[in-house]
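# Structural characterization, general
These are the residues of each chain, in order.
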Amino acid sequence: MSHDTPAIAGLGITEQGKVYGRTPRQFAAQAVRSAAADAGLELGDIDGLIVSGGLRSGVGVELQSTLGLTDLTLLTEMQGYGSTAGQMVQYASMAVQSGMATTIALVWADAPLKEKSGAASAYGGARRLPKGFGGLHASNGIASPNVMYALAARRHMKKYGTTSEQLGHIAVAQRQWAQLNPLAQFHDTPLTLEDYHASRYIAEPFHLYDCCLVSNGGVAVIVTTLDRARALRQPPVRVLGWAQAHPGKSGVRNDDFGLVSGAATSGPRALAMADTTLAEIDVAQIYDCYTFTALLTLEDYGFFPKGEGGPGVAEPGTLGPSGRLKVNTGGGQLSAFYMWGMTPLHEAVVQTRCHGGARQADKHDRVLVSGNGGILDYHSTLVLGTDN
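These lines cover the structure that appears in this document, whether it is placed above or below. Predicted, not measured: the structure shown is a model, and the values here were computed from it.

### Thoughts on the layout of surface pockets
Estimates place the volume of the second largest pocket at around 170 Å³. The wall of the second largest pocket is formed by 15 residues, among which Pro-247, Asp-256, Val-260, Ser-261 and Leu-376 lie closest to the centre. A per-class count over the lining of the second largest pocket returns six nonpolar, five polar and four charged.

Below, the structure written as structure tokens:
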């Protein structure tokens, strides 16, 4: 078995947002082609393919035929919800270390938005309600992730005194970053705390701007060995550490629901594997399906003591382009685009390569990436680094 350091050598992204007329598989194929070209590779150089998509997927192993790939030594579809991107990188990293494959394309794509239909209908519209005990949630109005995450946020608020005003600071800071990102859906739309409070409620305490975007598109990366990446077109992004944590309490609400997530376990393990510490992390790309998810994850990683994330993010000089913490520098899922875990991964690669343009962080040697899926049920963490 080889112990070569794995590295991300290629990055591809399609148009994001209200992009119609393409299927998830078409978005995925475009993203893989872009990632290969970005790395200076031919499609024929790829000998591994890992695919994933949204709740209804539409991206399967058939993508191999769409791309015309032959003689693959690794082919699989993965699903860990918002933690999937991190898991794919972990799997690919182990595969190149073992020699199972040399050059692996990882892709996530989805197309939930339909022309002349609102974002609210993008992930299923009317659903068949569960029967038996499973119907208790629905009968009490708990029938969507919005409501479940709102309950988690309420628990945190009750325990620690967290406020909507504090969550609003996260939304505003990420919009400031998005305005520096030409790929962001809200690149040209500023947001103030007043705008945040004036927006309609989705599920109290969540306002509109507490909730992530819905986007059509695809993102892909190429994972290979560091030695091979050094011979390619882009600055290599080393994959230094990784970990997962899945509490296994999905659908069973427990005493720490809303107070702690799997990031509290996966974060320290990934940092230890990378032989680094939180103090050495320059940039954090945090999964932000909701402002609250970002706040809880920042606490669980240790950027703030438990329960002090609310006052911490609201303190002047903490978040945003001029803040001391460089968090979600592309605008995240709240203001850039929603590609599940590929959103933070994409921006992590951009920052580590020093390709961020106006939003580039001065220090970017170590970048932390989080993935979250389910209702705080599935978690992945990556630590990426520059080639030095």
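### A short note on the packing of aromatic side chains
Per the stated rule, a full pass over the model turns up five aromatic pairs. Aromatic side chains Phe-206 and Tyr-290 sit 5.0 Å apart centroid to centroid with 15° between the ring planes, which places their arrangement in the stacked category. Here Phe-206, found in strand 6 (residues 206-207), pairs with Tyr-290, found in the loop between strand 9 (283-285) and helix 10 (291-301); they are 84 residues apart in sequence, far enough to count as distant. The exposure class of Phe-206 is buried, given its relative accessible area of 0%. For Tyr-290, a relative accessible area of 6% gives the class buried. Residue placement shows Arg-175 over the ring face of Phe-186; its charged tip is 4.0 Å from the ring centre.

### As for empty space enclosed by the protein
In this structure the tally under the stated criterion is three cavities of 30 Å³ or more. Approximately 70 Å³ is the volume found for the largest cavity. Considering the residues around the largest cavity, the lining is formed by 13 residues, among which Gly-330, Gly-332, Thr-343, Pro-344 and Glu-347 are closest to the centre. If one sorts the elements of the lining of the largest cavity by residue count, helix 13 (residues 342-353) sits on top with four residues.

### Some remarks on the sheet that holds strand 2 (residues 48-53)
One open sheet holds the 10 strands; their spatial order is 3-2-4-7-1-8-12-11-9-10, and the pairing between them is mixed. Looking at which strands have only one partner, the edges of the open sheet turn out to be strand 3 (74-77) and strand 10 (326-327). Sheet topology places strand 1 (residues 6-13) next to strand 7 (residues 217-225); seven bridges connect them, and they run antiparallel. Bridge pairing in strand 7 places Gly-12 opposite Ala-220. Where helix 13 meets the sheet, it contacts strand 1, strand 4 (103-110), strand 7, strand 8 (237-245), strand 9, strand 11 (366-373) and strand 12 (378-385), and its direction lies at approximately 110° from that of strand 1.

About the cut-offs
- Residues numbered from 1 in each chain as written.
- Predicted model: local features only at pLDDT ≥ 70, side-chain atom pairs only at ≥ 80, totals over all residues.
- Heavy atoms only, no water.
- 1 Å grid on protein atoms, 1.4 Å probe; cavity = no way out; pocket = protein on both sides within 12 Å on 5 of 7 lines; lining within 4 Å.
- Points joined across faces, edges and corners; volume = space filled by probe spheres on them.
- Nonpolar A, V, L, I, M, F, W, Y, C, P; charged D, E, K, R; others polar.
- Phe/Tyr/Trp six-rings, centres within 6.5 Å; stacked < 30°, edge-to-face > 60°.
- Helix = DSSP H or I, 4+ residues; strand = E, 2+ residues; numbered from the N terminus.
- Buried < 20%, exposed > 50% of the residue type's maximum accessible area, 1.4 Å probe, protein only.
- Lys NZ or Arg CZ within 6 Å of the ring centre and 35° of its normal.
- Pairing = 2+ DSSP bridges.
- Contact = heavy atoms within 4.5 Å.
- Axes fitted to C-alpha atoms, helices over the stretch in contact; angles between N-to-C directions.

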